[in-house]
Structures are given as C-alpha cells and as structure tokens.
Amino acid sequence: MAITIQSSRDNAGDKTVFFTISHGGKNYKWCGDIPKDADAQDFLDAKSDTLKAEILRKRYPQAEVPQLDGKSALESFEAWVSAGAKNAEVKGTDADGVEITIKAEETIAKKAWVDIEPPVDQAALIADLMKKVEALEAK
Amino acid sequence: MLVFGNSIGEGNYTRPQGEVVWFEKQVDSNHYEGLTSQSDQSMTTLNLEADSNGAIPKGAKAVMVYNFIKDSGSASGQPYLRMDAGSDVGNFFVNEASGKTNDAQSRAGGIQNCDSNGDIRVQMEATGSGTLDIDGFEYKGVQLR
C-alpha cells in the first residue's frame, strides 16, 4: 500500500490526517485535510496521484511544468523532473518584430523535504506520567 | 491663460495621474473568495479586470486588497498567500499564518502593485494537502495610471 495512515485530528469543519506516502523510492511523512465523514484510507488512496504531484510541487516550488498531451499532471511533472527539472526558455518579439529571449532556460533546484510528524498529545503524556508517579508513590 | 487642471485638455481637465479610487463597497475576488481546501499553488497570473467583474479597470497601477486565510497546520508549518507584479520585482503583499494556532485566521490588508497589463500574480503555500482555506479575498480600491 502506497499510503499508510498514522493518526488523525478533528478540526472544526474537517479532519487532518497524518500519513506516509511512498514515491520515487522515498517515504514522505505528510498530512492533509479531508471531509469529516470520509474514510481516510479510501479518500487518500483515491487521491494518491494528486498527493504525489503536490509533493513534487513542494520539492520544486518554481517549476513551470507543461501539461503533456494524454498524460496526467503527475506524469507530466515526473517527465519534467526526468528531463532535468528545467523551466523552458521564454521567447518573444521586440517592437521591430525581431525574436528575442525574454527568459533564459532555468534549472530549478530541488528543495529538501521536511517530514511532518503527527502532533504529540501532551495531555495524554502528562496523564501517563502522573499514573507512573502515583504508582511509584504507592509502593 | 487660465487652466483649471494640471495640463491642458478638453474642458481644461485631465484626470490626475496615479489617482486612488476607494470603492464604496468591497469587491470580492471571483476566483479566490471562499476558496477552501487548497494545496500549494505556484505564482499564477490573475486578471484583475475579470476577477473583479470590471471594477478594477484594465491597466491599473495598484490594488488595495484585504484577505483572511487559515491553515490546519499553521502552528508548526509556514502557510501563506502572497502576491507580486512579476518574477523580476519579487513579492510584496504577504499574508503569512505561520505560528498561529491551527486553523486560526490570519488577516492582512495592503497594497499590491500591478504588472504592465494591470494584473498581479498570486502564490499559495499550504502546510499539507488541502489544508489552506482562503476565507476572504476582497478588493478595497484601485490606483489608476
């Protein structure tokens, strides 16, 4: 299974799910908001390709990815990465109609990924510690 | 010769350059107002004339904006909404929700200069997938060229 759910947290209007998703041989710990009444595993599995494309967007924030004919957004992004992660040269014409380069081809640097860990339930931790302290005191 | 305006024109009047017009009623963004469950969006051009139903004219110099956003991971992440007038000038208006309690609203109002077409670009950064909500995105006024 490409997506493994760690935990979830209820918000006012939805819920945040913390999960691990595999892509390109790497595991990413991330999170996402989903409707309160949705089954988290089914919802995220159905959204798997979108999540992977969003992870690539996080890693290449300045990417200008052309949508390839007959390919999904994820496939287009993966093709852009495989081709060297380069934003294409932009050409235009000057006032005399002569073709000029407006923007040179640019290689986009890959940003480091920062895992998002599920939040620590501090109240539960404190309650657990208190129980241990009380057990020690009772001895 | 008597001239009432700051230059000679028909009726001795020309519109002052750089005039700021504050709207009598806020104008909601067609695209961004109430846009919930958003993920990252790279800088994307926004046609202000279309987005404001013509309230902001083509070729505007700057717009006065107000927006409020929230993100379910703002306590530990760095969500924001920011704008620029093109890649060469960098961003100017920024509404950053970092450090706030999760899902707490971050509000910001200010001015954003436009590009030569009178448009702006908008970028969104969410902490997770679908975690950013733009609860409000309003135009309050415009500066003409």
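Residues numbered from 1 in each chain as written. Chains lettered and ligands numbered in written order. Predicted model: local features only at pLDDT ≥ 70, side-chain atom pairs only at ≥ 80, totals over all residues. Heavy atoms only, no water.

(A) Seen up close, the interface of chain A and chain B. Tallying the contact residues gives 15 residues for chain A and 14 residues for chain B. Overall, the association of chain A and chain B removes approximately 1100 Å² of surface from exposure, summing both partners, and the carbon and sulfur fraction of that is 38%. Area buried by chain A at its contact with chain B is led by Asp 33, Arg 57 and Lys 58 of chain A, which between them contribute 39% of it. Inspection of the region where chain A meets chain B yields two salt bridges. Between Lys 58 of chain A and Glu 125 of chain B there is a salt bridge whose closest N-O contact spans 3.3 Å. Mapped by element, the contributors of at least two residues to the side of chain A that touches chain B are strand S3 (26-34) and helix H2 (48-59) of chain A. (Contact = heavy atoms within 4.5 Å. Buried area = accessible area lost by both parts, 1.4 Å probe. Salt bridge = Lys/Arg side-chain N within 4 Å of Asp/Glu carboxyl O. Helix = DSSP H or I, 4+ residues; strand = E, 2+ residues; numbered from the N terminus.)

(B) Expanded view of the pairing of strand S6 (residues 99-103) of chain A. Residue and element names in this part refer to chain A. Two elements, strand S5 (residues 90-93) and S6, share four bridges in a ladder whose sense is antiparallel. From the neighbouring strand, Gly 92 faces S6, where its bridge partner is Ile 100. Linkage of S5 to S6, two consecutive antiparallel strands, is achieved through a turn of five residues, within which Gly 97 is found at a positive phi near 80°. (Pairing = 2+ DSSP bridges.)

(C) Main features of the sheet that holds strand S2 (residues 15-23) of chain A. All names here are of chain A. Taken in spatial order, the three strands line up as S1-S2-S3 in an open sheet, and their pairing is antiparallel. Here the strands that pair on one side only, and so sit at the sheet edges, are strand S1 (3-10) and S3. Within the sheet, the average angular offset between the axes of one strand and its neighbour, ignoring direction, is 20°. Pairing of S1 with S2 involves seven bridges; the strand directions are antiparallel. The residue of S2 that forms the bridge with Ser 8 is Val 17. Across the face of the sheet, H2 comes into contact with S1, S2 and S3 while running at roughly 80° to S2. (Axes fitted to C-alpha atoms, helices over the stretch in contact; angles between N-to-C directions.)

(D) Examining the packing of H2 of chain A against helix H3 (residues 73-82) of chain A more closely. Residues and elements named next belong to chain A. At a minimum axis distance of 9 Å, the contact between H2 and H3 shows a crossing angle of 35°. In this structure, the crossing between H2 and H3 has a hand that is left-handed. From H2, Asp 49, Lys 52, Ala 53, Leu 56 and Arg 57 reach across to H3, where they touch Leu 74, Phe 77, Glu 78 and Val 81. (Left-handed = near helix turned anticlockwise from the far one by under 90°.)

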